[in-house]
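Understanding the architecture of this molecule
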Amino acid sequence: MSELNQPAKEQESFRQAMGWLHTWGGLVASWALFTIFLTGTIGVFDEDITHWMKPEVTAVSDFDPAAMTEQQRVAAIKKAQAYLQAHASDSHFWRIGLPTETDPGIRVSWRDQQNAAQDTLLSLKTGEPMPVVENRETEGGHHFVHMHYEFHAGMAGIWFVGFFTMIMLVALISGIIIHKRIFKDFFTFRQNKGQRSWLDGHNASAVLTLPFQLMIAYTGLVIFLSIYMPAGVLANYSNPQQFFAELLDEPMHRPETGVHADVVDLSVLFQRAEVMMGKPGRFMSVEHPGDSSAVTKVFGWFDEKDYYGQLLRDEIGNVQFDATNGDVMNLNPPGEYDKGTPMAVQRVMRIMHFANFGGYSVRWLYFIMGMAGALMMATGAILFLVKRRQKSLNEFGAQTARVYRVIEVLNIAAISGLAVACIGYFWLNRLIPFDIADRAAWEIKGFFYLWLLMLVHSACRPATKAWLEQWSLFTLLALLLPVMNLITTGHWLVSYWQTGDWVSVGFELTVLVFGLMSLGLVLFLRRKLTATERYSQPAKPSEAIS
Amino acid sequence: MSVAMMMSVALCYAAMSGLSLAMPRHLMDVTDRRLTATQVRVLRWTASLVLILAYLPMWQVWGAGTGFVVWVSVLSVTSIVLVLLLSYGPKWAVRVAFLMMLSASFLWLMQ
C-alpha cells in the first residue's frame, strides 16, 4: 500500500513546494509587475496619448510629413546642422529627426558635455527653436513605455524589470502546476463570493490570456538579451562592439581620436543616402561630431502601415558615411531582412512584443490582454491577504500582523495609487505652465510625487478607507478630465468629435470608461464599508470584555 | 476592424461558448435541459471545428504566422467577454453566441 501511495505523495509535496514558490515569489514581484503591466499596457497607445498631450500641435499645423519634398527635407537637415554646430559643437552625439505627425518640426537631440540627453524642436521655417506655446514640451505616452521597461532609471531599471519578469515566468509556470482544475474551471467566475471570487478572478485572468502572458514576459526578456545574458559575448570577444559589428554585418564603432576634423555638409550626405536607398530619409545621427572619427548614419523613411502583418519586418534601410570626408562606409539596403536566423528570431519577438504589426485592432487586443495581466497581478496580491484575513497563518511569528499591514499598504499604493498617478499625469500635462524649465521632466516628477503621496496616504488610513478614497479620487480625475481639458485648452470630447480628431475622442472615451468602472468599484466598496460598520459596531463592547 | 477580424471574433466567441455549454455547470445556468453524452460530444466537436474555422480568415489576411498570433489573441479576448457574460448574465452569453454565428454566416455570404 505505502509503496503505491509513494508517487501520489511525492506529487503532492511537489505541488506544495510549487504553491509556496507561487505565493511568495508572486507576492514579492506583484507590485513591480503590476506597475510594469499597467504602464506597459497604457504604452500600447503611446503615440495616441502623445497626440492628446500635445493639443497645440493639431491646432498649429495641418502638415503631412510624408508629403515633404526633397528640397524641404534637405533644407531641414541644413537648418538642423547649423543649429547643432552653433549650440552643441562640443557634443559627442547628434541626432536629427525630420517632422512626424506628433512632432511638426525638426527634432534635434544631442548629448552634452555631461553626457546628458538634450533635445529641442526647430521650426521648419526659421530653423530656430519653436516657441513653447506652439509645442508643449512633454514625454507624452513614451513616459509609460519607459516606465514599463526601466522605471526611468536607465540600466538599473532595465535590470530591475528583467529580474521581476523572470519571477513572472516562474510564477506563471508554478501557477499552472498548482492549478488543478485549469479545464474544469476554464469558464468559471463566481462573483460576489469573497475569497472564491478573488481566486476565480486571478485564475480566469491568467488562464484565458496565458499564451499572451507567457509570450509578453518571454519576449520582453529577449529584447534585452545582450544585456541580461552578456557572458557569451564577453567570453569570446575582448570588445563587445566587435560582436555586434559581426552580427549586424556593419563596420565597427570607431573610438574617438581627439584629432579635430570638421563635419562635412550633412544635407549632401543625406541626399546621397536617399539616392542609394532609393527612398526618402527620415532621420540621421552623427557620432563624435568634430572629431576625425566622426561617422554619420542616415535612416530610410518608414510608415508603420507598410509593415502590417509582417512579424519579420523588412529593413527600413540605412547608409553609413565617414562624416569628415563623405566616404561611404556601409549600405544596408531596404528590403528583405538578411541578418541571419538568430537576429531574425529576436526581431520577430521584438515585433510581437511591440504590438505595432497590425494597427488598432491588434493594439486593442494587446490592451485588453495586458489589462487582464495587470488584473492577474492585482488579484493575486489582494488574494494573499484575503486568504489570511479570517485566520492569520503566523508566518512571521509575533511580527505577522505588522508584515500583513505592510503588504496591505503596498498593495493599495501599488494598485490604486499607481492608477491615480497615471491619470494625474494627464492633469499635470494641462496644468503645468508652458515656460517652466524642464517641463517634460516635471510632468514625470509630478507622476512620481503623486504616487508617493498615495503611498503615504495608504499608510495613514485604514485599508478599506484608503482603497475607497483613492478610487474615489481616480473616479473624479477620470470623469472630469474632459472638463479640465475644455477649461485649460478649449478642446474636449465634443469639439474633438466635431473636428474629426478621432484619436483624441478615443482617448477621452477610454478614460471615461475607466472612470465609470472605477465609479462602480467605489459604490461597491462603500456598500461593503457600511455593511461592515453595521456589523462591527455592536461587537465592540464584547471585544472589550473578552 | 476588417471583415476578417469581425468574422474571427464572431466565430471564436461562438466556439468558446459552445465549449462552455458542453459543461453541465454552465449549461445549468442557462437551461433546465440536460444533454446526453452524444449531444455533448457533438457540441464539443462542432465547437472545435468552428474554432479552427475562425483561424482561416486570419490566415488569409495576415498569413500563417501573424494570423496565428492574432487568432490566439482574439480567442483570449472573446473568452474574457464570454466568462463575464456567463457570470453576470448567462442567458445573454447564449443570445450573443447565436447572434455571433448569425453575423458570421452573414459576413461569409456577403463575401
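Conventions adopted
- Residues numbered from 1 in each chain as written.
- Chains lettered and ligands numbered in written order.
- Predicted model: local features only at pLDDT ≥ 70, side-chain atom pairs only at ≥ 80, totals over all residues.
- Helix = DSSP H or I, 4+ residues; strand = E, 2+ residues; numbered from the N terminus.
- Buried ≥ 20, exposed ≤ 12 C-beta atoms within 10 Å, placed from the backbone.
- Contact = placed C-beta atoms within 7 Å.
- Pairing = 2+ DSSP bridges.
- Axes fitted to C-alpha atoms, helices over the stretch in contact; angles between N-to-C directions.
- Parallel < 35°, antiparallel > 145°, perpendicular 65-115°, else oblique.
- Nonpolar A, V, L, I, M, F, W, Y, C, P; charged D, E, K, R; others polar.
- Domains from an automatic or database assignment.

Concerning the overall build of chain A
For chain A, the helix and strand inventory stands at 20 helices and seven strands. For chain A, the spread of C-alpha atoms along the principal axes amounts to about 90 × 65 × 40 Å. Classification of the 546 residues of chain A by burial places 34% in the buried group. Sequence-distant contacts in chain A: of pairs separated by 6 or more residues, those separated by 24 or more amount to 68%.

So, the sheet that holds strand S5 (residues 295-300) of chain A
One key point about sheets: their strands pair by backbone hydrogen bonds, in either a parallel or an antiparallel sense. Residue and element names in this part refer to chain A. One open sheet accounts for seven strands, arranged S3-S2-S1-S4-S5-S6-S7; its pairing is antiparallel. Looking at strand neighbours, the two that pair on one side only are strand S3 (117-122) and strand S7 (328-332), the edges of this open sheet. Neighbouring strand axes in the sheet, compared pairwise and without regard to direction, differ in orientation by 15° on average. For strand S1 (residues 93-97) and strand S4 (residues 281-287), the ladder comprises five bridges, and the chain directions are antiparallel. Pairing of Trp94 across the sheet is with Val286, part of S4. Of the strands in this sheet, S1, strand S2 (106-111), S3 and S4 are in contact with helix H4 (residues 70-87), which crosses S2 at around 35°. Sitting on the sheet, helix H12 (residues 266-277) touches S4, S5, strand S6 (318-322) and S7, and the angle it makes with S5 is about 45°.

Quick word on the interface of chain A and chain B
Interface size is often expressed as the accessible area that is lost when the parts come together. Listed per partner, the contact involves 19 residues of chain A and 22 residues of chain B. Every element with two or more residues in the side of chain A that touches chain B is listed here: helix H7 (195-208), helix H8 (210-223) and helix H14 (359-389) of chain A. A per-element tally of the side of chain A that touches chain B places H14 of chain A first, with six residues.

Quick word on the packing of helix H15 (residues 400-431) of chain A against helix H18 (residues 481-489) of chain A
All names here are of chain A. Interaxial distance between H15 and H18 falls to 10 Å at its minimum, and their mutual angle equals 10°. Here H18 runs roughly parallel to H15, going by the angle between their axes. Contacts between H15 and H18 involve Phe426, Trp427, Arg430 and Leu431 on the former and, on the latter, Leu481, Met484, Asn485, Thr488 and Thr489. Of the residues that constitute the contact of H15 with H18, the class distribution is five nonpolar, three polar and one charged.

Structural notes on the domain arrangement of chain A
All names here are of chain A. The domain boundaries assigned to chain A delineate domain 1 (63-137 + 250-338) and domain 2 (395-546). The C-alpha-based centres of domain 1 and domain 2 are spaced at 42 Å. A class-by-class count of the residues in the side of domain 1 that touches domain 2 yields two nonpolar, no polar and two charged.

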